[in-house]
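Here is what each chain is made of, one letter per residue.
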Amino acid sequence: MAAADEAKRDDRGGGERPSVAIPTLLVLLGGVVYGSVITANKIAIEAGFPFVSYTFWQTFLAGALLLAYGVVRARLPALGLAHLRHYVLTSTFGIVLPVLVLTYVAGRVPAGVLTLIFALAPPIAYLLTFALGRERFRWLSVGGVALGFAGVLMI
């Protein structure tokens, strides 16, 4: 029994290791959501939704859900000037502008082209962070980028 308890202990000497069930479920859910964004955007634009309104509500509701999660967990985000600047820049250039562009072009570009662009974004972002020295070399990451490019080639 003691060996089983010891096996569950965290390597850092702390308490028990957290379960991987919830993070695994969230990764799978994120993959499903990530893959369905193009289809949802195309359906919404073809149904006549204005792309700016659609983008606003999409990002606003995501932010509201994250805020509600923070309230429930009693872990609200920091509100210092540096933090607010980071939130504005990250949300603008990481969420609002890309979603706005994808939503705008959803009705004008074939879904296959958008899918390729969407699938190439993470590996290209990783390669850029590596080239800028913000990420260190890891074989696992390079393997992930290679598999991502292989998947795009298969499409």
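Just so we're clear, the structure is a prediction, and the values are computed from it rather than from any experiment.

Chemist: Would you mind going over the packing of helix α2 (residues 21-46) against helix α5 (residues 111-131) with me for this structure?
Modeler: Helix packing geometry: the angle between the two helix axes and the distance between the axes. Remark: α2 packs on α5, axes separated minimally by 10 Å, with the N-to-C direction vectors making an angle of 145°. Both α2 and α5 take part in a crossing whose hand is right-handed. Judged by residue contacts, Tyr-34, Val-37, Ile-38 and Lys-42 of α2 engage Ala-111, Leu-114, Thr-115, Phe-118, Ala-121 and Pro-122 from α5. Class assignment of the residues belonging to the contact of α2 with α5 gives a composition of eight nonpolar, one polar and one charged.

Chemist: What is the right way to look at the confidence of the model for the protein chain in this model?
Modeler: Regions with low pLDDT should not have their predicted coordinates read in detail. Mean pLDDT over the protein chain: 80, with 90% of residues reaching 70 or higher. Highest mean pLDDT in the protein chain belongs to helix α3 (residues 51-72) (89); lowest belongs to helix α1 (residues 2-8) (47). In the model, residues 1-10 has pLDDT below 50 throughout and makes ten contacts with residues more than four positions away in sequence or in other chains.

Conventions and cut-offs
- Residues numbered from 1 in each chain as written.
- Predicted model: local features only at pLDDT ≥ 70, side-chain atom pairs only at ≥ 80, totals over all residues.
- Heavy atoms only, no water.
- Axes fitted to C-alpha atoms, helices over the stretch in contact; angles between N-to-C directions.
- Helix = DSSP H or I, 4+ residues; strand = E, 2+ residues; numbered from the N terminus.
- Left-handed = near helix turned anticlockwise from the far one by under 90°.
- Contact = heavy atoms within 4.5 Å.
- Nonpolar A, V, L, I, M, F, W, Y, C, P; charged D, E, K, R; others polar.
- pLDDT = per-residue confidence, 0-100.

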